[in-house]
Amino acid sequence: MKRSPGARLREAICGATIQVPGAPFALAARLAEREGYAAVYLSGAAFSAAQLAVPDVGLFTLDDLVAQTKRLCQATPLPVLVDADTGFGDVARCVALLEEAGAAAVQLEDQTFPKRCGHLDGKSLVTIDEMCENISLAAAARRDEDLVIIARTDARGTDSLETAIERAERYLKAGADWIFPEALETKEEFVQFADQVDAPLLANMTEFGKGPLLSLSELAEIGFAVVLYPVTMLRVAMKAMEAA
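Described below are features of the structure shown in this document. Remember, it's a predicted structure, so these values are computed and weren't measured experimentally.

Moving on: the pattern of salt bridges. Taken as a whole, this structure holds 15 salt bridges when the rule is applied. Where Asp146 meets Arg10, a salt bridge forms, and the shortest distance between an N and an O atom there is 3.7 Å. Pair noted here: Asp146 is in the loop between α6 (128-141) and β5 (148-153) and Arg10 is in helix α1 (residues 5-12), with a separation of 136 residues, a long-range link. We classify Asp146 as partly exposed; its relative accessible area is 26%. Given a relative accessible area of 24%, Arg10 falls into the partly exposed group. Between Asp110 and Arg167 there is a salt bridge, and its shortest N-O distance comes to 3.4 Å. Separated by 57 residues along the polypeptide, Asp110 in the loop between β4 (105-109) and α6 and Arg167 in helix α8 (residues 161-174) bring together distant segments of the chain.

The next thing to look at is unusual backbone geometry. Phi at Ala53 takes a positive value of approximately 55°, unusual for a residue other than glycine. On the secondary structure map, Ala53 appears in the loop between α3 (44-52) and α4 (62-75).

Turning next to the environment of Cys132. As for its placement among the helices and strands, Cys132 is situated in helix α6. Once residues lying within four places of it in the same chain are set aside, the contact partners of Cys132 are Arg170, Tyr171 and Ala174.

Counting residues in each nonpolar core, the largest one holds 58 residues, and the members touching the most others are Leu98, Tyr171, Ile179, Phe190, Phe193 and Leu219. Setting aside residues no more than four positions away along its own chain, Ile179 makes contact with Ala151, Ala168, Tyr171, Leu172, Phe193, Val197, Ala199, Pro200, Leu201 and Leu202. Among the nonpolar cores identified, the runner-up in size contains 17 residues, and Leu81, Ala104, Ala105 and Leu202 belong to it.

What follows concerns α6. Taking 1.5 Å per residue, 14 residues should reach 20 Å; α6 reaches 20 Å between its end C-alpha atoms and fits that length. Turning to α6, its buried residues are Ile128, Met131, Cys132, Ile135, Ala138 and Ala141. Residues of α6 that are buried make contact with α5 (91-101), β4, β5 and α8.

Enumeration over the complete set of coordinates arrives at zero disulfides. Here Cys94 is not disulfide-linked; the sulfur of Cys73 is the nearest cysteine sulfur, at 14 Å.

A word on the packing of α6 against α8. The geometry of a pair of packed helices is captured by two quantities: the angle between their axes and the separation between those axes. Direction vectors running N to C along α6 and α8 enclose 35°, while the axes themselves pass 8 Å from each other. In the packing of α6 onto α8, the handedness of the crossing is right-handed. Every residue of α8 that contacts α6 at Ile128, Asp129, Met131, Cys132, Ile135 and Ser136 is listed here: Glu166, Arg167, Arg170, Tyr171 and Ala174. When grouped by side-chain class, the residues that make up the contact of α6 with α8 number six nonpolar, one polar and four charged.

So, about the pairing of strand β8 (residues 226-229). Residues Val226 and Leu228 line one face of β8 and the alternating positions Val227 and Tyr229 line the opposite face, and both faces are buried. In the sheet, strand β1 (residues 18-21) pairs with β8 via four bridges, with the strands oriented parallel. When the bridges of β8 are listed, Pro21 appears paired with Tyr229. Relative to β8, strand β7 (residues 202-204) is paired through three bridges, and the arrangement is parallel. Residue pairing for β8: Asn204 is matched across the bridge by Leu228. Once you follow β7 into helix α10 (residues 216-222) and on to β8, the crossover reads as right-handed.

On to the side chain of Arg167. Judged by its relative accessible area of 8%, Arg167 is buried. A distance of 2.7 Å separates a polar atom in the side chain of Arg167 from a polar atom in the side chain of Tyr171. Among residues more than four places away in sequence, those in contact with Arg167 are Asp110, Leu125, Val126, Thr127, Ile128, Thr153 and Ala155.

Strand order in the open sheet made by the five strands is β2-β3-β4-β5-β6, with parallel pairing throughout. Where the open sheet ends on each side, the last strands, each with one partner, are β2 (40-42) and β6 (178-181). Neighbour to neighbour, the strand axes of the sheet diverge by 25° on average, direction disregarded. Two elements, strand β3 (residues 80-83) and β4, share three bridges in a ladder whose sense is parallel. Its bridge partner being in β4, Leu81 is matched across the sheet by Ala105. Along the sheet face, α4 touches β2 and β3 and points at about 165° away from the line of β3. In the packing of α8 onto the sheet, contacts are made with β5 and β6, and the angle to β5 comes to roughly 160°.

So, how was this worked out
- Residues numbered from 1 in each chain as written.
- Predicted model: local features only at pLDDT ≥ 70, side-chain atom pairs only at ≥ 80, totals over all residues.
- Heavy atoms only, no water.
- Salt bridge = Lys/Arg side-chain N within 4 Å of Asp/Glu carboxyl O.
- Helix = DSSP H or I, 4+ residues; strand = E, 2+ residues; numbered from the N terminus.
- Buried < 20%, exposed > 50% of the residue type's maximum accessible area, 1.4 Å probe, protein only.
- Contact = heavy atoms within 4.5 Å.
- Core = buried A, V, L, I, M, F, W, Y, C linked by side-chain atoms within 4.5 Å.
- Expected span 1.5 Å × (residues − 1).
- Disulfide = S-S within 2.5 Å.
- Axes fitted to C-alpha atoms, helices over the stretch in contact; angles between N-to-C directions.
- Left-handed = near helix turned anticlockwise from the far one by under 90°.
- Nonpolar A, V, L, I, M, F, W, Y, C, P; charged D, E, K, R; others polar.
- Pairing = 2+ DSSP bridges.
- Right-handed = clockwise from strand over helix to strand, strands pointing away.
- Polar contact = N/O pair within 3.5 Å; in protein donor to acceptor, adjacent residues only side chain to side chain.

Right under this line is the structure:
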């Protein structure tokens, strides 16, 4: 029996820390496959910039995201992790449509709408209870139990590391599979988060962000399962186009 995208993604992190590049368009996803990566990431920031030339403040629609997810999944058999922002007002429908499009994982965040890039100031969060309800709806909406529900918390940027840890623990109880702590500011914070949160964790290694750019070996030693590079390939491509 053919394994689902979610099952293959879960398998990829068994005993390993994987690097997951952002694929701003389908050809980049195919390149990542050729170069031997285990998965690709559909970043909201890279999608906003590459496809729509707008900032990462929640300006694309769910239909836009579903269509792009389908393009990536048709271009490569690699599992695709999809940044679904705050769920587009209907988390259950969002998860169902992205799963149908071929997503291996759906990432939801705890910002209020309209959201902002996780490394910008001026963010605000929904309550813990609201986010837990969204996670429960997301988990119930999936048809394949292996579809990975990723809960991202931006609490470090609005409050404190301790609040981010508290939220992560609540999100796991609500049904999240993996946790994405956004905008941790030091290596020590990555260590503390991993020590206290017992779940597969994602690290965002985005250039020009609030935190340090740690190596794969450092993050593996700390205990992170996935290392994301959401906008790296787009930035390098744009620099090459500028030079051309």
